[in-house]
Amino acid sequence: MVDLVITPASVVADSNVTRDSGTAGEAIAAGQAVYRSSTTNKWMLADSNSATAEARKATGIALNGAALNQPVTVAKNGDVTLGAVLTAGTAYYLSDTPGGICPVADIGAGEYVCLLGLAKSTSVLALGIQYPGVSL
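Notes on the structure in this doc start here.

Bringing the nonpolar core into the picture now. Counting 26 residues, the largest nonpolar core has V80 and L82 as its most contacted members. If sequence neighbours within four positions are ignored, V80 has contacts with V11, V12, V17, L63, A75, S123, V124, L125 and L127. In this structure, I28, V34, W43 and V74 belong to the second largest nonpolar core, which totals nine residues.

Written as structure tokens, this is what we have:
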């Protein structure tokens, strides 16, 4: 898989972003895909081939970096400048690297599909997460 190379300091939410916040359950960098653990109620890195079903469904993208037990803000919907080079019109998905984001062409066999959004430009992702619960 070829994940996006994200510059965490360049991750910025647009004014139309729906946000959530909470506590990090592990080290998280801005721009990584995350989910909220139902066990700990903390934000964790999502992973498309995790053995844990809950971890395969990203529910947002971290807007700031956080260490374990530090506060983190998450974009759940809306436009996010990712600090990475995107291809306009391309669909971007959760990758099999915890927290990683990849283009549709790089989803591998056996991975669960979790659409994060579509690139509106070479820098902005229109976040609109969809998780059908199926693997390739």
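Moving on, we get to the packing of aromatic side chains. Counting across every chain of the model gives zero aromatic pairs. Over the ring of Y112 we find R56, and its NZ or CZ is 3.8 Å from the ring centre.

Take G100: it is sitting in the loop between β7 (91-94) and β8 (101-103). For the pair G100 and I6, spaced 94 residues apart in sequence, the C-alpha separation works out to 9.4 Å. Setting aside residues no more than four positions away along its own chain, G100 makes contact with D3, A33, Y93, L94 and S95.

The subject of this paragraph is the side chain of S50. Assignment of secondary structure puts S50 in the loop between β4 (43-45) and β5 (60-62). Here T52 takes part through its backbone nitrogen, which lies 3.0 Å from a polar atom of the side chain of S50. Look past the residues within four positions of S50 in its chain and what remains in contact with it is A55 and R56.

With that settled, the discussion passes to the pattern of salt bridges. Within the structure shown, the criterion is met by three salt bridges. For K76, the salt bridge goes to D20, with nearest N and O atoms at 3.9 Å. Here K76 is found in strand β6 (residues 71-81), whereas its partner D20 is found in strand β2 (residues 18-23), with 56 residues between them in sequence. With a relative accessible area of 25%, D20 lands in the partly exposed category. It is possible to trace a salt-bridge network through shared partners that takes in D20, R36 and K76.

Reading the values: the criteria
Residues numbered from 1 in each chain as written. Predicted model: local features only at pLDDT ≥ 70, side-chain atom pairs only at ≥ 80, totals over all residues. Heavy atoms only, no water. Core = buried A, V, L, I, M, F, W, Y, C linked by side-chain atoms within 4.5 Å. Buried < 20%, exposed > 50% of the residue type's maximum accessible area, 1.4 Å probe, protein only. Contact = heavy atoms within 4.5 Å. Phe/Tyr/Trp six-rings, centres within 6.5 Å; stacked < 30°, edge-to-face > 60°. Lys NZ or Arg CZ within 6 Å of the ring centre and 35° of its normal. Helix = DSSP H or I, 4+ residues; strand = E, 2+ residues; numbered from the N terminus. Polar contact = N/O pair within 3.5 Å; in protein donor to acceptor, adjacent residues only side chain to side chain. Salt bridge = Lys/Arg side-chain N within 4 Å of Asp/Glu carboxyl O.

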